[in-house]
2 protein chains.
Amino acid sequence: MNKSFALAARTSDEALRLRASAVIPGGMWGHQRAAAVPHRYPQFFVGGKGCRVSDVDGNSYIDFMCSWGPIVLGHQNEAVNRAAYGQIEQGDCLNGPTRHAVELAELLVETIPHAAWALFQKNGTDATTACVTIARAATGRRKIVVAKGAYHGAVPWCSPSLVGVTQEDRAHIIEFAFNNITSLREAVDRAGSDLAGILVSSFRHDISRTLEMPTPEFAQACRDLCDAADAMLILDDVRAGFRLHLGGSWEVYGVQPDLSAWSKAIANGWPLAAVTGGESVRDAASRVFVTGSFWYAGAPMVAAIETIRQLHALDAPEYLRRMGQRLRDGLAERASRHGFEIIQSGPPQMPLVQFAGDDDFAIGEAFCREALRQGIYLHPRHNMFLSTAHGQADIDEALDAADKAFAALARRT
Amino acid sequence: MNKSFALAARTSDEALRLRASAVIPGGMWGHQRAAAVPHRYPQFFVGGKGCRVSDVDGNSYIDFMCSWGPIVLGHQNEAVNRAAYGQIEQGDCLNGPTRHAVELAELLVETIPHAAWALFQKNGTDATTACVTIARAATGRRKIVVAKGAYHGAVPWCSPSLVGVTQEDRAHIIEFAFNNITSLREAVDRAGSDLAGILVSSFRHDISRTLEMPTPEFAQACRDLCDAADAMLILDDVRAGFRLHLGGSWEVYGVQPDLSAWSKAIANGWPLAAVTGGESVRDAASRVFVTGSFWYAGAPMVAAIETIRQLHALDAPEYLRRMGQRLRDGLAERASRHGFEIIQSGPPQMPLVQFAGDDDFAIGEAFCREALRQGIYLHPRHNMFLSTAHGQADIDEALDAADKAFAALARRT
């Protein structure tokens, strides 16, 4: 019935948007909602291979979003998918877990210095919510201290939107300013003897803001304040996990959390999340009840094992850093050549490109739109992601495309 | 390292349990937690085919749990998996949705009378939580009325456990007794002008309790009370959905909810959940922010389309009812032959078998253990599930096995 919409549309993407507007509220929901897709960007995709993605109108792009993070080894990594298929052809979702639940937990415990154990879920939000619940169970306290504006998931206690959220959902959340030790200390003081934990992202990656790495002093202050209060340090590594350091993103600061939340890149696009934790919270983790119908399925765990094996073999964080730096250096050079002052922030593995003085992102969006025409998929407001499928030649091809985009932008401004 | 545990174990299952106890809190978490697996039941599985599952020690069982619900067409349904593979080999988790998100939403709108739109998630809990958030957004009110003891998910606002849960998480939850219109009315009165909605399961399927279908009067009262208060009727069809009626489990009562939560059987084991709703809540659904990294992935949606197509073609609810009734009649006859009085409850598609006077489930657990030895996998406390892969011959084979189990039980008691 709704297919008749297609007649009025000029592209397959437009036809699908029209059909979607009839059967999906607002046309699409969540972080991929129709209203949030940059102007003239495609909404619907058909597939991906390596570092390239294709939209429903047959356009192919070098992909710097990597499905908003999950794709860390490139789209369609053959060994990962082959491993997952092997399990699916025996059985994926069963009456109990497969041996791979144990093997993956063992692999995480070997890989992550602070981890004595692991639990598995489906969404990053499942993992952050479980961490908060476990921290409260471990301490018998309620207050969770979080950075203002940080994204920790999309359920009422943490959603960036307050629509449909009650005050009580946030009753025990206390905010501080990221990287501001004084502000953190004040928030901890406000929690007083009711402090269950500090929940903090690996780095500040709030949408539509310049990315910001934690200072080593801030990371250490998080640890010290938790130690002083017998509270739990929870690292939200959902977005950055496995790209900055395989042992957890704060290993570079020598700061170990009590609990970490993982998801996104853990299984190269197969749906999985994990909580890891230390010995001191093992008992609490065994007492909380967190579960889901698909949480024990074998295939995503097999995919995770193969993903982490490849990430180790490739020394992925260093490889991604090198490629990200090549992209960053090249963009800086080309922007300057065309007379633009750009601000590049975040770790090279998860970059953001902004234009100086471009507070409303108008120039950034125009640039990304030009870049899209030249065959690279960038995001103007959200941190981007690299994968190990991005080779030097791909980065250089992307830089040539970016050069043309800067040139087109220069002609228009 | 932990593999050395295996040396002390007599079975593969025991070896895995020992390894799990080192790296997974409590050995396994959630509804599949080690402590909740019936005594001498296997914890770890390798696969399934049709209506049979196999554990890690090479034992095969006729499966009456169907992976706790997701498997509705039998394990390894070839057409479902082939369809999903077809998408995975193009790309599953991408920068945007595939066309299948639209096609599946269209299919649900065609299939479900109350549905004008659909949203997709990963967990049943995602769907029930989104329903509550949408109901609050639609009404601008806060109170949600739920049946005492009902399972609506495993996050703080609804978890069956209070460990790590704060009072505020439940601040706006008001309880009533299922099927008790007076109690329902009192709960609605207590909510007063702050009633956002009534959240109710398709039938009463609380663990360790006799199952109970809603009376038609109770179902209608839920609808009428919501209408009178301009509140939202939310049907939690996560567990029963697609087994009792393809248009929603309360279609048989002629009662249509404003919002429904779906998951489990929607994609025959591929991870997916959905919220469907009517025109009056479309705007609210477009305003709430609910999302997840893997929610837009194409393969589970393709799997859902093929699953629902097959369920339609097979008239699955009626087929499952017939097979469930055959099982029920056969069990009644054999129990009686061996001198046992059993209580069979719930819809035939999702049965529970209890023994009269067996308040601590000791007889039920002993019976299920004997049945397991005879090659059928039953659950003593939780509703079971049938699939369309259960043929008459399988049911009859299961009844023969049950007969031997009753005989063994009779010898022991």
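Conventions adopted
- Residues numbered from 1 in each chain as written.
- Chains lettered and ligands numbered in written order.
- Predicted model: local features only at pLDDT ≥ 70, side-chain atom pairs only at ≥ 80, totals over all residues.
- Heavy atoms only, no water.
- UniProt positions renumbered as here; feature names shortened; annotations may be inferred.
- Phe/Tyr/Trp six-rings, centres within 6.5 Å; stacked < 30°, edge-to-face > 60°.
- Helix = DSSP H or I, 4+ residues; strand = E, 2+ residues; numbered from the N terminus.
- Buried < 20%, exposed > 50% of the residue type's maximum accessible area, 1.4 Å probe, protein only.
- Pairing = 2+ DSSP bridges.
- Contact = heavy atoms within 4.5 Å.
- Buried area = accessible area lost by both parts, 1.4 Å probe.
- Salt bridge = Lys/Arg side-chain N within 4 Å of Asp/Glu carboxyl O.
- Expected span 1.5 Å × (residues − 1).
- Axes fitted to C-alpha atoms, helices over the stretch in contact; angles between N-to-C directions.
- Parallel < 35°, antiparallel > 145°, perpendicular 65-115°, else oblique.
- Left-handed = near helix turned anticlockwise from the far one by under 90°.
- Nonpolar A, V, L, I, M, F, W, Y, C, P; charged D, E, K, R; others polar.
- 1 Å grid on protein atoms, 1.4 Å probe; cavity = no way out; pocket = protein on both sides within 12 Å on 5 of 7 lines; lining within 4 Å.
- Points joined across faces, edges and corners; volume = space filled by probe spheres on them.
- Least-squares fit on C-alpha atoms with pLDDT ≥ 70 in both.

- Named according to an unreviewed UniProt entry, chain A is Glutamate-1-semialdehyde 2,1-aminomutase originating from Saliniramus fredricksonii.
- UniProt, in its Cofactor (unreviewed entry) section for chain A, records the words "pyridoxal 5'-phosphate".

**Re the packing of aromatic side chains**
Two aromatic rings, taken as a pair, are described by how far apart their centres are and by the angle between their planes.
Residues and elements named next belong to chain B.
Step number 1: The tally for this structure, following the rule as stated, stands at 31 aromatic pairs over all chains.
Step number 2: Both rings, one in Phe178 and one in Phe218, keep their centres 5.0 Å apart while their planes meet at 50°; by these two values the pair is tilted. Remark: Phe218 occurs in helix α6 (residues 216-229) and Phe178 occurs in the loop between β6 (173-176) and α5 (181-191); sequence separation between them is 40 residues. This pair shows no difference in class: Phe178 is buried, exactly as Phe218 is.

**Topic: the sheet that holds strand β1 (residues 45-49) of chain B**
Two strands in a sheet stick together by hydrogen bonds in their backbones, pointing the same way (parallel) or opposite ways (antiparallel).
Residue and element names in this part refer to chain B.
Step number 1: Within the open sheet, the four strands sit side by side as β1-β2-β3-β13. Their pairing is mixed. The open sheet has two edge strands with one neighbour each: β1 and β13 (376-377).
Step number 2: Taken together, the four bridges between β1 and strand β2 (residues 52-55) define a ladder with antiparallel strand orientation. Opposite Gly48, over in β2, you have Val53 as the bridge partner.

**Topic: the interface of chain B and chain A**
Quite often, the size of an interface is put as the accessible area lost when its parts meet.
Step number 1: The interface is formed by 101 residues belonging to chain B together with 101 residues belonging to chain A.
Step number 2: Note on chain B versus chain A: buried area summed over both sides is about 8600 Å², and carbon and sulfur give 60% of it.
Step number 3: Sorting the residues of chain B by area buried against chain A places Trp29, Asn95 and Phe289 of chain B first, and these three jointly supply 11% of that buried surface.
Step number 4: When the shortest N-O distance is used, the salt bridge between Glu106 of chain A and Arg19 of chain B registers 2.8 Å.

**A word on the sheet that holds strand β3 (residues 60-63) of chain A**
Residue and element names in this part refer to chain A.
Step number 1: Read across the open sheet, the four strands follow the order β1-β2-β3-β13; overall the sheet is mixed. Taken across any chain shown, the strands that pair with only one partner, and hence form the sheet edges, are β1 (45-49) and β13 (376-377).
Step number 2: Two strands pair when backbone bridges link them, and β3 and β13 are joined in this way by two bridges, in the parallel orientation. Among the inter-strand pairings, Ile62 is bridged to a residue of β13, identified as Ile376.

**Quick notes on helix α1 (residues 12-23) of chain A**
Step number 1: Its twelve residues give α1 of chain A an end-to-end C-alpha distance of 17 Å, which sits within 8% of 16 Å, the value for a rise of 1.5 Å per residue.
Step number 2: On its buried face, α1 of chain A is in contact with α3 (99-111), β4 (117-121) and α7 (282-287) of chain B.

**Digging into the pairing of strand β11 (residues 342-345) of chain A**
All names here are of chain A.
Step number 1: In the sheet, β11 pairs with strand β12 (residues 352-355) via four bridges, with the strands oriented antiparallel. Following the sheet pairing, Ile342 is matched in β12 by Phe355.
Step number 2: Here β11 folds back onto β12 in antiparallel fashion, the turn holding six residues, of which Gly346 has a positive phi close to 85°.

**Considerations on the packing of α5 of chain B against α6 of chain B**
All names here are of chain B.
Step number 1: Close contact between α5 and α6 brings their axes to 10 Å; oriented N to C, the two are set at 15°. Looking at the two axes, α5 sits roughly parallel to α6. The handedness of the crossing between α5 and α6 comes out as right-handed. Contacts from Ile181, Leu184, Arg185 and Val188 in α5 reach Glu217, Phe218, Ala221, Cys222 and Leu225 in α6.
Step number 2: In terms of residue class, the contact of α5 with α6 is built from seven nonpolar, no polar and two charged.

**Re the layout of surface pockets**
Step number 1: What the largest pocket holds in volume is close to 1000 Å³.
Step number 2: Together, 49 residues line the largest pocket, and Phe289 of chain A together with Tyr151, Pro160, Ile207 and Arg239 of chain B are the ones closest to its centre.
Step number 3: For the lining of the largest pocket, the elements supplying multiple residues, two or more each, are α4 (124-139), β5 (143-147) and β6 of chain B.
Step number 4: The wall of the second largest pocket is formed by 50 residues, among which His31, Arg33 and Tyr151 of chain A together with Phe289 and Thr291 of chain B lie closest to the centre.
Step number 5: Elements that contribute at least two residues to the lining of the second largest pocket include exactly α4 (124-139) of chain A together with α7 of chain B.
Step number 6: In terms of residue class, the lining of the second largest pocket is built from 21 nonpolar, 22 polar and seven charged.

**Re the relation of the copies chain B and chain A**
Step number 1: Expressed as a screw operation, the relation of chain B to chain A combines 0.0 Å of axial shift with a rotation of 180°, fitting to an RMSD of 0.0 Å. These values place the two chain copies in the arrangement generated by a two-fold rotation axis. Rotation axis and chain B: the residue whose C-alpha lies nearest the axis is Glu168 of chain B, separated from it by 2.6 Å.
Step number 2: A shared binding surface is used by both copies, with 100% of the interface residues of chain B retained as interface residues in chain A.

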